[in-house]
Amino acid sequence: MRILSGIQPSGALHLGNYFGMMKPAIELQDRGEAFYFIADYHSMTSLFDPAERRQNTLDVALDFLACGLDPQKAVFFKQSDVPEVTELTWLLSTVTPMGLLERCHSYKDKLAKGFAPSHGLFAYPVLMAADILIYDSNLVPVGQDQKQHVEVTRDIAIKFNEQYGQTFVIPEPEIRESVAKVPGTDGEKMSKSYGNAIEIFGEEKVLRKKVMSIVMDSRSPAEAKPDADKNNAIQLLKLVAPTAVAQDFEDRLRAGGLGYGDLKKALFEHYWNCFADARKQRAELAANRDFVHQVLRDGATKARAKAQEVLKRARRASGLD
Ligand code: ADP
Ligand code: TRP
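Within every chain, residues take consecutive numbers counted from 1 along the sequence as written. Chain A is the first chain written and ligand 1 is the first ligand written, with later ones labelled in order. A pLDDT threshold of at least 70 governs which residues receive local features in this predicted model, and a stricter bar of 80 or more applies before side-chain atom pairs are shown or counted, although totals over entire chains, interfaces and linings include all residues. Think of the side-chain values as coming from all heavy atoms in the structure, minus any hydrogens and water.

**Some remarks on the site of ligand 1**
Right, so step 1: By convention in this text, a residue qualifies as near a molecule or strand provided that one of its non-hydrogen atoms is within 4 Å of it. Every one of the 18 residues lining ligand 1 counts as a neighbour, but H14, G143, D145, V182 and K192 are closest to it.
Right, so step 2: Pairs of N or O atoms within 3.5 Å make up the polar contacts considered here, provided that, within protein, one atom can donate a hydrogen while the other can accept it, and that residues adjacent in sequence are counted only when both atoms are side-chain atoms. Side-chain polar atom of K189 to a nitrogen atom of ligand 1: 3.0 Å apart, as the coordinates give it.
Right, so step 3: Note on areas: Shrake-Rupley, 1.4 Å probe, and residue coverage restricted to the protein chains presented here. In isolation ligand 1 has 540 Å² of accessible area, and contact with the protein removes 93% of it.
Right, so step 4: A helix here means a DSSP run of H or I that spans at least four residues, while a strand means a run of E at least two residues long, and both kinds are numbered starting from the N terminus. Broken down by element, the shell around ligand 1 gets its largest block of residues, four residues, from helix 1 (residues 15-28).

Now the structure itself:
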């Protein structure tokens, strides 16, 4: 079974990325042949500074390896080291209905956020389909916001197979309900671009401040809160603390009388502990960049061999051989 996922080097990785995608992906590396990559081509649709892209790419590599991606088990590489994926994007785009892309939420969201409507932004899901199909992927671990893109990928693969004969494996998304949409400090989906993210790594003081800035509702601490399970801080605590500890805080919030500051302080401590080993690991990796670059180069060699095989199949099927 091939497992595949990607993450853009568009900013520091946060708890939404970790629990929604990285942790499931890391757990899946024992269950099949995992391919994970840094989607630097995709980042070109929203990030235009080359130095920043280079730095973010290295940071994503460090973050993912520090969090437990094991290069002995998973193939880890940079998307642009496999340029075959751009050729497959063209082949796929010729069978992709405009309407399919026009319906994509992520495109509409980006426009609403003020991004200029470039062709790259519009065609983003076709490149993503190529990423997935070029490795014969079966399973794609992602957060809820990427579900539609995997569905688009399936539609494109089915279209191509209908047009040119059986060529591509039809992939399935793997979305964990409990972490499909990790909330940010404002209660909305945590995202690099919403200013509501709590990063996995960073300076203790800065991160403590972010945790303490989590928005609570306007009810007084003394009031009983029957909907305590919906509270942001409780939802985050459930991810980073032992179940019994999180349950105890939830019960106290529900009953009334729990100080919001106390809840947030506990959340910070558990969050900080949760990543203590990863922080150590990250510092070691950061001091050994040659190793990180070598991992990505080795990963690219393996990924490229598979990509060339599938691209050849698609070229043959469509009469380009
Ligand atoms: P962002 O929205 O911060 O830019 P990305 O689009 O780079 O994040 O997402 C990378 C991966 O992390 C995707 O699989 C995405 O679904 C997942 N992800 C991002 N934010 C969250 C979140 N708040 N909850 C769950 N998963 C998330
Ligand atoms: N679009 C994904 C995101 O923003 C990143 C991505 C690119 C991806 N190609 C992929 C994820 C292929 C899974 C499979 O999160």
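The discussion continues.
**A look at the packing of aromatic side chains**
Right, so step 1: Aromatic rings from Phe, Tyr and Trp, with only the six-membered ring used for Trp, were paired whenever their centres fell within 6.5 Å, and each pair was classed as stacked if the ring planes differed by under 30 degrees, edge-to-face if by over 60, and tilted otherwise. Under the defined criterion, the tally for this structure stands at 16 aromatic pairs.
Right, so step 2: Plain terms: the ring middles of F19 and F275 are 6.4 Å apart, the flat faces sit at 65° to each other, and that makes the pair edge-to-face. You can see F19 sitting in helix 1 and its partner F275 sitting in the loop between helix 12 (260-274) and helix 13 (276-286), a full 256 residues away along the chain.
Right, so step 3: Accessibility here uses a 1.4 Å probe with only protein chains present; expressed as a share of the type maximum, an area under 20% marks a residue as buried, one over 50% as exposed, and anything in between as partly exposed. For F19, a relative accessible area of 5% corresponds to the buried category.
Right, so step 4: The class for F275 is buried, based on a relative accessible area of 2%.
Right, so step 5: Members of the aromatic cluster, connected to one another through ring pairs, are Y18, F19, F268, Y271, W272 and F275.
Right, so step 6: Lying over the aromatic face of W272, R279 brings its terminal NZ or CZ to 3.6 Å of the ring centre. By definition, being over a ring means that NZ of Lys or CZ of Arg is both within 6 Å of the ring centre and within 35 degrees of the ring normal.

**A few points about the site of ligand 2**
Right, so step 1: Among the 14 residues in the neighbourhood of ligand 2, the closest are listed as Q8, Y124, M128, D131 and Q146.
Right, so step 2: Within the side chain of Q8, one N or O atom sits 3.1 Å away from an oxygen atom of ligand 2.
Right, so step 3: A distance of 3.0 Å is found between a nitrogen atom of ligand 2 and a side-chain nitrogen or oxygen belonging to Q146.
Right, so step 4: Within the complex, 91% of the 370 Å² of free accessible area of ligand 2 lies under protein.
Right, so step 5: Among the secondary structure elements, those contributing two or more residues to the shell around ligand 2 are strand 1 (2-7) and helix 7 (119-133).
Right, so step 6: The biggest single contributor to the shell around ligand 2 is helix 7, with four residues.
Right, so step 7: Considered class by class, the residues forming the shell around ligand 2 number eight nonpolar, five polar and one charged. Under this grouping Gly is polar, as are all residues other than the nonpolar Ala, Val, Leu, Ile, Met, Phe, Trp, Tyr, Cys and Pro and the charged Asp, Glu, Lys and Arg.

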